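# Examination of the molecular architecture
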Amino acid sequence: DVAWVVPAGWVPTWVVLKLAPRAPHVHAAAFFVLMLAVAVLAVIQLGDDWPRWFSVGILLAVPLQVGLGAKWALRGRKRA
């Protein structure tokens, strides 16, 4: 299940950064904060229904998701 969380996060990151007309790094930072907030809320709602390693995996996957999505979206794009 955690393996599907990562692609489910880097694809929206790619879309957000591809659609950002300017300052993609600022958009990436804002999207990171938004995704981290959603991940924290998800872990809170999961409670003890899932193992602790799953909850930790969801939280630790956020930087990986945004990093991969940003790398993919910004490949070949010059900084303005």
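Residues numbered from 1 in each chain as written. Predicted model: local features only at pLDDT ≥ 70, side-chain atom pairs only at ≥ 80, totals over all residues. Heavy atoms only, no water.

We now examine the confidence of the model for the chain. Close reading of the predicted structure is inappropriate where its pLDDT is low. For the chain, the mean per-residue pLDDT works out to 87, and 94% of the residues sit at or above 70. Of all helices and strands in the chain, the one with the weakest mean pLDDT is helix α1 (residues 2–19) (86), whereas helix α2 (residues 24–46) scores best (93). (pLDDT = per-residue confidence, 0-100. Helix = DSSP H or I, 4+ residues; strand = E, 2+ residues; numbered from the N terminus.)

Where α2 meets helix α3 (residues 52–74), the axes come as close as 9 Å, and the angle between the chain directions of the two elements is 160°. The pairing of α2 with α3 is recorded here as roughly antiparallel in orientation. Read as a crossing pair, α2 and α3 show a hand that is right-handed. Along the contact surface, α2 presents P24, H25, A28, F32, M35, L36, A39, V40, V43 and L46, while α3 presents F54, S55, I58, L59, V62, P63, Q65, V66 and L74. Among the residues making up the contact of α2 with α3, the classes are represented as 16 nonpolar, three polar and no charged. (Axes fitted to C-alpha atoms, helices over the stretch in contact; angles between N-to-C directions. Parallel < 35°, antiparallel > 145°, perpendicular 65-115°, else oblique. Left-handed = near helix turned anticlockwise from the far one by under 90°. Contact = heavy atoms within 4.5 Å. Nonpolar A, V, L, I, M, F, W, Y, C, P; charged D, E, K, R; others polar.)

Further remarks concern the packing of aromatic side chains. In this structure the tally under the stated criterion is three aromatic pairs. Aromatic pair W50 and F54: ring centres 4.6 Å apart, planes at 25°, arrangement stacked. Residue W50 is classed as partly exposed on the basis of its relative accessible area, which comes to 37%. Its relative accessible area of 7% is what places F54 among the buried residues. Both rings, one in W53 and one in F54, keep their centres 6.1 Å apart while their planes meet at 80°; by these two values the pair is edge-to-face. Members of the aromatic cluster, joined through ring pairs, are W50, W53 and F54. (Phe/Tyr/Trp six-rings, centres within 6.5 Å; stacked < 30°, edge-to-face > 60°. Buried < 20%, exposed > 50% of the residue type's maximum accessible area, 1.4 Å probe, protein only.)

With that settled, consider the nonpolar core. Counting nine residues, the largest nonpolar core consists of F31, M35, A39, V43, L46, F54, I58, V62 and V66. Elements with a contribution of two residues or more to this core: α2 and α3. Top element by residues in this core is α2. It accounts for five residues. Excluding residues that lie within four positions of it along the chain, L46 makes contacts with F54, S55 and I58. (Core = buried A, V, L, I, M, F, W, Y, C linked by side-chain atoms within 4.5 Å.)

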